[in-house]
Amino acid sequence: LGPLVGAIDQGTSSTRFLVFNAETAELLSHHQVEIKQEFPREGWVEQDPKEILNSVYECVERTCEKMNKLNIDIANIRAIGVTNQRETTVVWDKTTGEPLYNAIVWLDLRTQSTVERLLKRIPGNNKTFSKFKTGLPLSTYFSAVKLRWLLDNVEEIRKAVEEGRAMFGTIDSWLIWVCICGINGGIHCTDVTNASRTMLFNIHSLEWDPDLCKFFDIPMEILPNVRSSSEIYGRMKICPSRESGALTGVPISGCLGDQHAALVGQMCFRDGQAKNTYGTGCFLLCNTGQKSVFSEHGLITTIAYKMGKDKPAFYALEGSVAIAGAVVRWLRDNLGIAQSSQEVEKLAAEVGTSYGCYFVPAFSGLYAPYWEPSARGIICGLTQFTNKNHIAFAALEAVCFQTREILDAMNKDCGIPLNQLQVDGGMTNNKILMQLQSDILCIPVVKPSMPETTALGAAMAAGAAEGVEVWSLNPGDLTAVTCERFEPQINPEESEYRYARWKKAVMRSMGWESSESPSNGKQK
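This structure is a prediction, so every number in the text was calculated from the model and none was measured. (Residues numbered from 1 in each chain as written. Predicted model: local features only at pLDDT ≥ 70, side-chain atom pairs only at ≥ 80, totals over all residues. Heavy atoms only, no water.)

Undergrad: Would you take a moment to explain the UniProt feature "domain: Carbohydrate kinase FGGY C-terminal" (unreviewed entry) in the protein for this structure?
TA: When the UniProt feature table is mapped onto this chain numbering, "domain: Carbohydrate kinase FGGY C-terminal" (unreviewed entry) sits at residues 275-465. A distance of 24 Å separates the end C-alpha atoms of residues 275-465, which is 37% helix and 21% strand. (UniProt positions renumbered as here; feature names shortened; annotations may be inferred. Helix = DSSP H or I, 4+ residues; strand = E, 2+ residues; numbered from the N terminus.)

Spelled out as structure tokens, the structure:
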């Protein structure tokens, strides 16, 4: 075997560590651990940063054990890439290395009143006031408002900031800081893709924006240093909780937010290439090359990647959907209509139709293209005939309709309709979903046979970094990927009819919640 590259893939619902062959891009070994989401109040979503960290250690340990059993020498791992759930916000104490509060997850809605308060300070209550600097609308989704909430509501964090002990970061920063020395001189950094999701970062100058930091009243000294997505940030240290000390001294040299990593892993390096990832949420990204394109149809502008210190930044248009795989998890954990995700697929397959039932899973409001925080989930079109099979089918259909909405927006903004959709992520193993997606979009859906493109993208960035250079990103050297294709099988009229009904259901989900409701109490 030639050189190997590892990837830490820290997602919203699970953590994985995967090892790839740098020459063939083949996945050799991996381990996955599901992580807990805590819902302390309605609309709140938190995770324990220590649990996240331990899940990373466990995945690294178990993968190394599996490799030993396969007689693959872990000494051949030349680099490690990190990819992560984006926007999720952590503040920790740099003197003790302890988190000062749970991580506030990207889906969390507690900041709705913070957003409304900030909106009042903007002329004309303009949600998109910073669009041309950040690419983003003012929303509960991005890190700045989460950080503002923490500074307003958590005494311990306020104190740590005053005493110069606080560090802010998204999950990538937290993991890299701990894995590279922690309290003994840890590297406090992030990459341009994760920084571009904070709402504090100017996506043109590629620097933290003093005016935005002032607007959100965030002290710039707690922010991480922003680096490219592919360079050596530092080397893994031995961690006391890891038995083997495996990977000590291996450079961490790739860092990308999960959706950006998937774009790289799908080899979307050319202007106009796009991919859709089906994870907890659903994210469609289209590479727009070295120019930033601003949407007229509710998409956001984000940095796609920057593959080295001296390399240019590439940009992307993104359609973000909050709830995709999470709706299946909700059917399993909250309603208990199935024991597993596979069973949800089976229930849907048994009926093959939602029988006029529509499910809008606006659990965290609606993201693209509406940006409507007041929406909440609804299931409509119910009759006495409706059963759990129809609801399971409607849930899968919801994922496809939401994708169609962002694809329509993307086609309008780009002017060139996509003639097929490249897909990846955990949910793409669901064949019914993929066929349904093709039927609803009326174009073929193309899925690589190795669905772990997010981890692959992080491994590619790490392996290509200057000083590592075991992975070539030249188009000629990239290995062709084998794919599975799903072609549309229903007539477009039926597809249009169902889509029109879906849009009617979306309208009914809006304007449900206001932040004035009594449940939004303040927590000290």
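Here the narrative resumes.
Undergrad: What is the right way to look at the pairing of strand S3 (residues 27-34) in this model?
TA: Regular strands show a simple pattern: their side chains alternate between the two faces of the sheet. Bridge count between strand S2 (residues 14-21) and S3: 7 bridges; the pairing is antiparallel. Each residue of the ladder has a partner; that of Ser 14, found in S3, is Glu 34. Counting the residues between successive antiparallel strands, the hairpin from S2 to S3 contains 5 residues, one of them, Ala 25, with a positive phi of roughly 65°. (Pairing = 2+ DSSP bridges.)

Undergrad: Which parts of the structure should I look at to understand helix H11 (residues 341-351)?
TA: Note: α-helices contain 3.6 residues per turn, so residues at a spacing of three or four share the same orientation. For H11, the full list of buried residues reads Val 344, Glu 345, Leu 347 and Ala 348. Each buried residue of H11 sits inside an arc of 160° when the element is viewed along its axis, so together they form one side. Turned more than 90 degrees off the buried face of H11, the exposed positions are Gln 342, Lys 346 and Glu 350. The inward-facing, buried residues of H11 contact helix H10 (325-333), helix H12 (388-414) and helix H13 (431-441). Positive phi appears at Gly 352, one or two residues downstream of H11, with a value of about 65°. (Buried < 20%, exposed > 50% of the residue type's maximum accessible area, 1.4 Å probe, protein only. Arc of directions from axis to C-beta. Contact = heavy atoms within 4.5 Å.)

Undergrad: I tried to follow the packing of aromatic side chains on my own but got confused; where do I start?
TA: Ring pairs (aromatic) are described by centroid distance and by the angle formed between their planes. All chains considered together, the criterion is met by 25 aromatic pairs. Between Tyr 141 and Trp 371, the aromatic rings sit 6.1 Å apart at their centres with planes inclined by 25°, giving stacked as the arrangement. Placement of Tyr 141 in the loop between helix H3 (131-134) and helix H4 (143-153) and of Trp 371 in the loop between strand S19 (358-360) and strand S20 (378-380) is noted, with a sequence separation of 230 residues between them. When sorted by exposure, Tyr 141 lands in the same class as Trp 371, which is buried. An aromatic cluster is built from Trp 106, Tyr 141, Phe 142, Phe 283, Tyr 367 and Trp 371, whose rings are joined through pairwise contacts. (Phe/Tyr/Trp six-rings, centres within 6.5 Å; stacked < 30°, edge-to-face > 60°.)

Undergrad: Before we go on, may I ask you to explain empty space enclosed by the protein in this structure?
TA: Where empty space is left becomes clear once a probe the size of a water molecule has been rolled over the atoms. All told, the structure shown has 1 cavity of 30 Å³ or more when counted by the stated rule. Counted as a void, the largest cavity has a volume near 80 Å³. Every residue lining the largest cavity is counted, 13 residues in all, and those nearest its centre are Val 321, Ala 322, Leu 366, Tyr 367 and Gln 402. Grouping the constituent residues of the lining of the largest cavity by class yields 10 nonpolar, 2 polar and 1 charged. (1 Å grid on protein atoms, 1.4 Å probe; cavity = no way out; pocket = protein on both sides within 12 Å on 5 of 7 lines; lining within 4 Å. Points joined across faces, edges and corners; volume = space filled by probe spheres on them. Nonpolar A, V, L, I, M, F, W, Y, C, P; charged D, E, K, R; others polar.)

Undergrad: Would you mind going over the sheet that holds strand S16 (residues 282-289) with me for this structure?
TA: Strand order in this open sheet of 7 strands is S17-S18-S16-S15-S21-S22-S23, and the pairing throughout is mixed. Looking along the sheet, the strands with just one partner apiece sit at the ends: strand S17 (300-305) and strand S23 (483-486). Neighbour to neighbour, the strand axes of the sheet diverge by 30° on average, direction disregarded. Relative to strand S21 (residues 421-424), strand S15 (residues 274-278) runs parallel, the two sharing 3 bridges. Opposite Asn 276, over in S21, you have Val 423 as the bridge partner. Together, S15, S21, strand S22 (445-448) and S23 form the strand contacts of H13, whose direction differs from that of S23 by roughly 55°. (Axes fitted to C-alpha atoms, helices over the stretch in contact; angles between N-to-C directions.)

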